[in-house]
Amino acid sequence: MKHLFVQTFRQGFKVLAEIKNTVSKVKLKKELKSRLDMILQEKDLEHVLYEISFVKSIKPDASTGKKRLIVVKEI
């Protein structure tokens with residue numbers, strides 16, 4: 001599974017997870033949420049908001065041809 005973190009505003013981000021149709025979205029979302037909550041808590045960042053969405057594919061960056069891990073949208 002590949003991930004893309006998109007900073008959507010100053011105190012939040014969106015996680016796009018590329019998954020195959022055979023994966024349980026409910027189970028995967030629960031696992032991702034648990035991991036993210038733990039990481040944010042360890043860093044004292046519980047106030048940061050996030051959203052998890054599933055996509056069929058994450059497109060590569062047009063200039064590099066590689067899939068990016070983090071994208072910052074204009075805030």
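Residues numbered from 1 in each chain as written. Predicted model: local features only at pLDDT ≥ 70, side-chain atom pairs only at ≥ 80, totals over all residues. Heavy atoms only, no water.

Notes on the side chain of serine 53
As a reminder, the rule being used: Helical segments are the DSSP runs of H or I of at least four residues, strand segments are the runs of E of at least two, and each set is numbered from the N terminus. When checking whether two residues touch, look at their non-hydrogen atoms; a contact exists if any pair is within 4.5 Å.
The residue serine 53 is located in strand S3 (residues 49-55) in this model. Ignoring any residue separated from it by four or fewer positions in sequence, one finds serine 53 in contact with Lys14, Val15, Leu16 and Ala17.

Let's talk about the nonpolar core
Where we set the bar: Here the nonpolar core consists of buried residues drawn from Ala, Val, Leu, Ile, Met, Phe, Trp, Tyr and Cys, with membership extended through side-chain atoms lying within 4.5 Å. Only protein chains enter the calculation, and the probe is 1.4 Å; a residue is then buried if its accessible area is under 20% of its type maximum, exposed if over 50%, and partly exposed in between.
With ten residues, the main nonpolar core is built from Phe13, Val15, Ala17, Ile19, Leu28, Leu32, Leu36, Leu40, Val48 and Ile52. Listing elements by their share of this core, those giving two or more residues are strand S2 (12-18) and helix H1 (25-42). Those residues in contact with alanine 17 that sit more than four places away from it in its chain are Met1, Lys2, His3, Leu32, Ser53, Phe54 and Val55. Membership of the second largest hydrophobic core comes to five residues, among which are Leu4, Val6, Leu16 and Val71.

Considering the sheet that holds strand S4 (residues 70-72)
Which entries qualify depends on this criterion: Pairing between two strands requires that DSSP report at least two bridges joining them. Structural elements are reduced to axes, namely lines fitted to C-alpha atoms, with helices fitted over the stretch in contact, and the angle between N-to-C directions of any two is expressed from 0 to 180 degrees.
With mixed pairing, the four strands of this open sheet are ordered in space as S3-S2-S1-S4. Looking at strand neighbours, the two that pair on one side only are S3 and S4, the edges of this open sheet. Direction aside, neighbouring strands of the sheet carry axes that sit 20° apart on average. Taken together, the seven bridges between S2 and S3 define a ladder with parallel strand orientation. Considered in S3, the bridge of glycine 12 is made with leucine 49. In the packing of H1 onto the sheet, the strands contacted are strand S1 (2-9), S2 and S3, and the crossing angle to S3 comes to about 150°.

Side note on the pairing of S1
Two faces make up the sheet, and in a regular strand the side chains alternate between them. Sheet analysis places S1 next to S2, joined by seven bridges and oriented antiparallel. Considered in S2, the bridge of valine 6 is made with lysine 14. The antiparallel hairpin formed by S1 and S2 contains two residues in its connecting segment.

Focus on the layout of surface pockets
Once rolled over the atoms, a probe with the size of a water molecule shows which space is left empty. The criterion, for reference: Both cavities and pockets are sets of points on a 1 Å grid over the protein atoms alone; in a cavity a 1.4 Å probe fits but cannot get out, in a pocket the set is open with protein on both sides within 12 Å along at least five of seven lines, and lining residues sit with an atom within 4 Å of a point. Grid points are joined across faces, edges and corners, and a volume is the space filled by probe spheres set on the points. Residues are grouped as follows: Ala, Val, Leu, Ile, Met, Phe, Trp, Tyr, Cys and Pro are nonpolar; Asp, Glu, Lys and Arg are charged; every other residue, Gly included, is polar.
Estimated volume of the largest pocket: approximately 260 Å³. For the largest pocket, the lining is made up of 15 residues, of which Phe5, Gln7, Gly12, Phe13 and Val48 are closest to its centre. Mapped onto the lining of the largest pocket, the elements with two or more residues apiece are S1, S2 and H1. Counting residues per element, the lining of the largest pocket draws most heavily on S1, at four residues. Split into classes, the residues belonging to the lining of the largest pocket amount to ten nonpolar, three polar and two charged.

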